[in-house]
Amino acid sequence: MTQQKIIIEDIARALYDVRDESRPRYRSESGLTEDIVRDISRRKNDPAWMTEHRLASLAVYNETPPPAWGPAITSLDMDHIATYVQPDAVMAGRWEDVPEEIRSTFDRLGIPEAEKESLAGVGAQYDSEVVYHSIQTSLTKQGVVYTDMETALREHEDIVRAHFMKLVPPKDHKFAALHGAVWSGGSFVHVPPGVEVKIPLQSYFRLNAPGAGQFEHTLIIVEPGASLHFIEGCSAPKYNVTNLHAGCVELYVKEGARLRYSTIENWSKNMMNLNTKRALVEKGGLIEWVSGSFGSRVSMLYPASILAGEGARCEFTGVTFAGRGQHLDTGATVIHAAPRTSSVINTRSISKDGGVAVYRSGVRVSAGAKGAKCAVKCDSLMLDSESRADTIPVMDIREDDADIGHEAKIGRISDEAIFYLTSRGIREEEARAMIVRGFVEPVAKSLPLEYAVEMNNLINLELEGARQ
Amino acid sequence: MTAAAEKEVVFDRIPAPTWRWLGVNEVRVPESVLREAPALRLVTIPRGETRDMVVVCRTEAALELRAELGEGAEFRLTRVRLAPADVRCADAVKVTLAKDARLSYTAVELSGARAADLLDVNLAGDGSGADVAVFYFAGGQQRLDMNYEIHQRGRRTEAVLDVQGGLSGRAEKIFRGTLDFVRGAAGSVGREREAVTLLSPDVVNRSAPLMLSGEAEVDGRHAASVGRLDEEKLFYLTSRGLSPDDARRLVVLAAAAPVLDRIADEALVAEIRAAMEGRLSHG
């Protein structure tokens with residue numbers, strides 16, 4: 001008797017799990033107190049308003065309960081998280097000036113190589129600070145600003161102050177408040193009116209220190225008629241203690257502008273990824289989210305799009321792969337707040353080996369958003385019955401002149417599909433692999449080529465025939 | 001104290017809560033509706049037997065109906081709410097099915113200033129099934145709050161949850177429909193569909209079609225569509241001499257037809273149609 005089975009491997013993590021010995025220049029005490037927040041603010045030479053913002057956020061954090069829904073996050077003990085870890089490096093504009101140990105980490109991750117081949121600018125954050133930032137001269141000549149948030153706070157303070165945590169206020173939820181109190185690092189992009197940034201910018205976030213948090217802030221403003229593709233990557237080596245990521249992304253897409261925001265999230269499996277992303281899209285603007293969630297022990301990530309101007313659009317494409325020990329709760333929210341706005345949400349999730357994949361969404365069409373259209377499609381593939389796949393979508397429609405559609409599927413690989421393919425001469429294991437690859441293909445084709453290749457590497461299909 | 005200001009209590013919760021701002025986690029009803037214990041009906045259907053039951057609510061009331069279906073039993077339950085538009089109601093129906101038992105549940109919801117409906121179906125036995133068809137229409141200031149859950153525990157269970165509805169005036173409605181494939185429910189199939197027609201710019205429609213699965217060997221699908229009346233249908237009907245209002249009325253009545261076809265009592269169907277006509281005429 002011949003028994004064949006397919007093994008769909010966990011994400012290959014060896015590349016990401018290489019850890020450097022943690023030798024920070026400074027590491028805050030674990031825990032979250034006013035003294036620690038003031039200390040971070042002082043070390044970062046914050047202006048007074050930012051110090052006040054941090055302290056106000058801390059107060060909100062202390063009075064806000066954790067979410068009453070979603071994955072259990074009781075194992076997150078802030079008393080054992082260091083919220084600020086300053087690497088032993090100053091920000092450099094040349095890789096040669098980045099300390100060898102840190103540079104070699106980014107070399108392994110392929111960041112400098114990608115910069116040479118396909119990026120117009122790169123930011124690299126190590127623990128709590130950005131250690132490298134660059135941008136092509138041709139873009140700076142057109143007025144494009146791409147820098148770390150601390151530099152932006154010094155050199156473009158008015159713009160930062162007008163936008164910082166205005167889309168994601170600290171009162172939004174407990175971890176937005178935490179972010180407001182201890183944020184550090186991140187990227188700032190400003191694209192002037194009419195400028196098309198044809199080659200992507202990329203920021204990469206690496207958390208090396210055990211028992212630490214990363215709280216980078218990304219603020220992007222794409223002015224009227226301009227366009228940008230921004231790529232965000234993140235990873236960390238695995239430790240036996242909990243790490244925390246509570247970043248915040250605020251995107252302003254002005255009239256007629258376009259922004260594609262691509263993320264491949266591959267945190268280690270000791271990570272709590274409690275990240276918040278939000279975009280405000282004005283008249284005729286377009287936000288495109290491409291989101292791959294592969295890492296973390298727990299993830300709660302739901303990029304939100306507020307379609308505030310007439311004809312504004314949102315396209316969200318996401319793939320989530322939850323393996324052993326992972327509970328990945330991901331999805332999207334869209335607010336249609338103006339006439340003739342449209343959104344498309346298309347997600348795929350895979351769960352295996354006891355992994356839990358949850359698709360969660362909220363779509364609201366506000367009164368007066370006449371002609372709004374929204375199409376949601378979320379499919380889940382379960383590879384075994386140790387795992388879970390849940391879909392929790394909600395539609396809140398307050399305008400009759402709207403066209404809203406939603407469809408979802410949960411299931412396993414269909415026997416009929418296998419039969420069909422094998423009847424055409426394809427071996428069963430190949431047929432199964434084709435189906436799984438086909439399942440994520442709508443997402444893979446939305447990724448930049450190099451990321452599609454990375455995703456294919458991450459979802460490493462291994463066929464194995466076990467003969468008895 | 002006005003009815004609008006009356007304290008509310010939680011009548012039920014969805015099995016997997018989500019963001020509070022969406023307002024779907026809890027079914028709430030005015031406290032006075034539950035001041036007295038709901039009228040409780042217990043139904044036991046022995047192995048292999050069939051029961052038909054029609055429950056028509058015409059007054060303010062809270063009802064709880066619990067049914068236990070033995071192996072191969074069949075329960076055809078029709079629940080119609082025709083109470084005047086100013087009353088408040090809260091009903092709960094809980095059904096547990098043994099092996100190969102079948103539930104056919106037909107609900108028509110036309111009334112109540114505030115109405116809450118719960119349906120909790122436990123497909124415990126292998127091969128058991130539930131076929132649920134619902135039509136609702138809410139107008140004026142009505143608030144309709146529904147939570148339907150079908151838990152598929154046995155192997156090879158089948159669930160169909162088909163909901164059609166219309167909203168006019170300033171009506172608010174929440175429909176939560178959950179297909180829950182419990183681990184071990186191998187070979188089970190679940191289908192959920194909701195279609196909502198919006199007839200006024202002032203309505204609020206919330207839909208939460210949840211699908212939960214702890215079992216890989218299942219086939220679950222849900223679909224929802226929310227929007228105005230199909231413009232092409234309206235154009236066709238008006239081009240044949242119907243006024244736009246009559247055309248709208250006809251389209252909504254047509255959406256109810258598959259549900260009304262499941263009700264054998266012709267007098268009751270006529271009463272439902274008359275009530276719908278009244279609601280459609282007065283928004």
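Note that the coordinates shown come from a computational prediction; the quantities given were computed from them, not determined experimentally.

Reading the values: rules and limits
Numbering of residues begins from 1 in every chain and follows the order in which that chain's sequence is written. For naming, the first written chain is A and the first written ligand is 1, with later ones following in the order written. Totals for whole chains, interfaces and linings use every residue, but because this is a predicted model, local features are given only for residues with pLDDT of at least 70 and side-chain atom pairs only at 80 or more, for both listing and counting. The side-chain values count all of the structure's non-hydrogen atoms but skip hydrogen atoms and water molecules. Only DSSP runs of H or I covering at least 4 residues are called helices, and only runs of E covering at least 2 are called strands; the numbering of each starts at the N terminus. As a reference, a globule follows 2.2 Å times the number of residues to the power 0.38, and the radius of gyration itself is taken over C-alpha atoms. Buried means the residue's accessible area, taken with a 1.4 Å probe over protein chains only, is under 20% of the maximum for its type, while exposed means over 50%, and partly exposed covers the values in between. Throughout, a contact is declared for two residues whenever any of their heavy atoms are within 4.5 Å. Using the Shrake-Rupley algorithm and a 1.4 Å probe, accessible areas are obtained, with residue cover drawn only from the displayed protein chains. In this tally, Lys and Arg are treated as positive and Asp and Glu as negative; His is ignored, and so are the chain termini. In this description, the location of a charge corresponds to atom NZ of lysine, CZ of arginine, CG of aspartate or CD of glutamate. When DSSP finds two or more bridges between a pair of strands, those strands are recorded as paired. Buried area counts how much accessible surface, traced with a 1.4 Å probe, disappears from two parts once they are put together, with both parts' losses summed. Whenever Lys or Arg places a side-chain nitrogen within 4 Å of a carboxyl oxygen from Asp or Glu, that contact is recorded as a salt bridge. Between N or O atoms, a polar contact is any pair within 3.5 Å; within protein, one atom must be a potential hydrogen donor and the other a potential acceptor, and residues adjacent in sequence are included only when both atoms are from side chains. Amino acids outside the nonpolar list (Ala, Val, Leu, Ile, Met, Phe, Trp, Tyr, Cys, Pro) and the charged list (Asp, Glu, Lys, Arg) are all regarded as polar, and Gly is one of them. Working definition: the arc comes from the directions between the helix axis and the C-beta atoms, pointing outward to the latter. Both cavities and pockets are sets of points on a 1 Å grid over the protein atoms alone; in a cavity a 1.4 Å probe fits but cannot get out, in a pocket the set is open with protein on both sides within 12 Å along at least five of seven lines, and lining residues sit with an atom within 4 Å of a point. Grid points are joined across faces, edges and corners, and a volume is the space filled by probe spheres set on the points. In this analysis, axes come from line fits to C-alpha atoms, helices being fitted only over the stretch in contact, and the angle between any two N-to-C directions falls in the range 0 to 180 degrees. The labels follow the angle: roughly parallel below 35 degrees, roughly antiparallel above 145, roughly perpendicular from 65 to 115, and oblique for the rest. In this scheme, a crossing is called left-handed if the near helix is turned counterclockwise away from the far one by less than a right angle; it is called right-handed if the turn is clockwise.

Caption draft 1: Expanded view of the overall build of chain A. Of the regular secondary structure elements, chain A holds 12 helices and 27 strands. Its C-alpha atoms give chain A a radius of gyration of 22 Å, within 12% of the compact-globule value 23 Å for 468 residues. Residues counted as buried form 62% of the 468 residues belonging to chain A. Contacts in chain A between residues at least 24 apart in sequence constitute 85% of all its contacts with a sequence separation of at least 6. Accessible surface for chain A amounts to roughly 17,300 Å². Of this, 49% is attributable to carbon and sulfur atoms. Here chain A contributes 52 positively and 64 negatively charged side chains, and the mean placements of these two sets differ by 2 Å.

Caption draft 2: Spotlight on the overall build of chain B. Helix and strand counts for chain B come out as three helices and 16 strands. By the compact-globule yardstick of 19 Å for 283 residues, chain B fits well, its C-alpha radius of gyration being 19 Å. Expressed along its principal axes, the backbone C-alpha trace of chain B runs to roughly 55 × 50 × 40 Å. Out of the 283 residues belonging to chain B, those deemed buried represent 55%.

Caption draft 3: Seen up close, the pairing of strand S7 (residues 187-191) of chain A. All names here are of chain A. Burial runs high along S7: five of the five residues are buried. Burial of S7 is two-sided: the residues Ser187, Val189 and Val191 facing one way and the residues Phe188 and His190 facing the other way are all buried. Looking at chain direction, strand S6 (residues 145-148) and S7 are connected through four bridges and run antiparallel. Residue pairing in the sheet places Thr147 in a bridge with Phe188 of S7. When S7 meets strand S10 (residues 217-222), the two strands line up parallel, connected through four bridges. The residue of S10 that forms the bridge with Val189 is Ile220.

Caption draft 4: The interface of chain A and chain B, seen in detail. Chain A puts 41 residues into the contact, and the matching count from chain B is 38 residues. For the pair chain A and chain B, the two sides together bury roughly 3,300 Å², of which 56% comes from carbon and sulfur. Connecting chain A to chain B are three salt bridges. Along the contact surface separating chain A from chain B lie 20 residue pairs in polar contact (both at pLDDT 80 or more). Of all the elements in the fold, those that place two or more residues in the side of chain A that touches chain B are strand S21 (327-336), strand S23 (356-365), strand S25 (388-397) and strand S26 (402-411) of chain A. Residue composition of the side of chain A that touches chain B, grouped by class: 16 nonpolar, nine polar and 16 charged. Note: S26 of chain A against strand S16 (residues 218-227) of chain B, nine bridges, orientation antiparallel. Bridge assignment links Gly405 of chain A to a residue of S16 of chain B, and that residue is Ser225 of chain B.

Caption draft 5: Seen up close, unusual backbone geometry. The phi angle at Asn45 of chain A is positive, at roughly 55 degrees, despite the residue not being glycine. Structurally, the position occupied by Asn45 of chain A is in the loop between helix H2 (34-43) and helix H3 (48-63).

Caption draft 6: Spotlight on helix H5 (residues 111-118) of chain A. Residues and elements named next belong to chain A. Taken together, the buried positions of H5 are occupied by Ile111, Pro112, Ala114 and Glu115. Across the axial projection of H5, the buried residues extend over an arc of 160 degrees, all falling on one side. Exposed side chains of H5 directed beyond 90 degrees from the buried face belong to Lys116 and Glu117. Looking at the buried residues of H5, the elements they touch are helix H4 (100-108), strand S4 (121-126), strand S5 (129-135) and strand S8 (201-206).

Caption draft 7: Representation of the pattern of salt bridges within the structure. Residues and elements named next belong to chain B. On inspection of all chains with the given rule, the structure shows 58 salt bridges over all chains. Measuring nitrogen to oxygen at the nearest pair gives 2.6 Å for the salt bridge that ties Glu64 to Arg66. Classification of Glu64 by relative accessible area gives buried; the value is 14%. Close ionic contact of Glu74 with Arg76 constitutes a salt bridge, the shortest N to O distance being 3.4 Å.

Caption draft 8: A look at H2 of chain A. Residues and elements named next belong to chain A. Buried within H2 we find Ile36, Val37, Asp39, Ile40 and Ser41. Where H2 is buried, its residues touch strand S2 (26-27), H3 and helix H9 (174-182). Positive backbone phi, at 55 degrees, marks Asn45, one or two positions downstream of H2.

Caption draft 9: Structural context of empty space enclosed by the protein. All names here are of chain A. One pass over the structure, following the stated rule, counts two cavities of 30 Å³ or more. Here the largest cavity is characterised by a volume of approximately 130 Å³. In terms of lining, the largest cavity is formed by 20 residues, of which the most central are Gly318, Thr320, Thr330, Gly331 and Thr347. When residues of the lining of the largest cavity are traced back to their parent elements, those giving at least two are strand S17 (286-293), strand S20 (313-322), S21, strand S22 (342-351), S23 and strand S24 (372-382). Per-class residue counts for the lining of the largest cavity are nine nonpolar, nine polar and two charged.

Caption draft 10: Here's a closer look at the packing of helix H1 (residues 231-238) of chain B against helix H2 (residues 244-260) of chain B. All names here are of chain B. At their nearest, the axes of H1 and H2 sit 9 Å apart, and the two run at 125 degrees to each other. As the angle between them shows, H1 and H2 are arranged oblique. Both H1 and H2 take part in a crossing whose hand is right-handed. Along its contact with H1, which presents Lys233, Leu234, Leu237 and Thr238, the element H2 presents Pro244, Ala247, Arg248, Leu250 and Val251.

Caption draft 11: Molecular detail of the layout of surface pockets. Approximately 1,300 Å³ is the volume attributed to the largest pocket. Around the largest pocket, the lining is made up of 49 residues, and of these Trp69 of chain A together with Thr18, Trp19, Arg20 and Trp21 of chain B lie nearest the centre. Tallied by class, residues from the lining of the largest pocket come to 25 nonpolar, eight polar and 16 charged. The volume enclosed by the second largest pocket comes to roughly 590 Å³.

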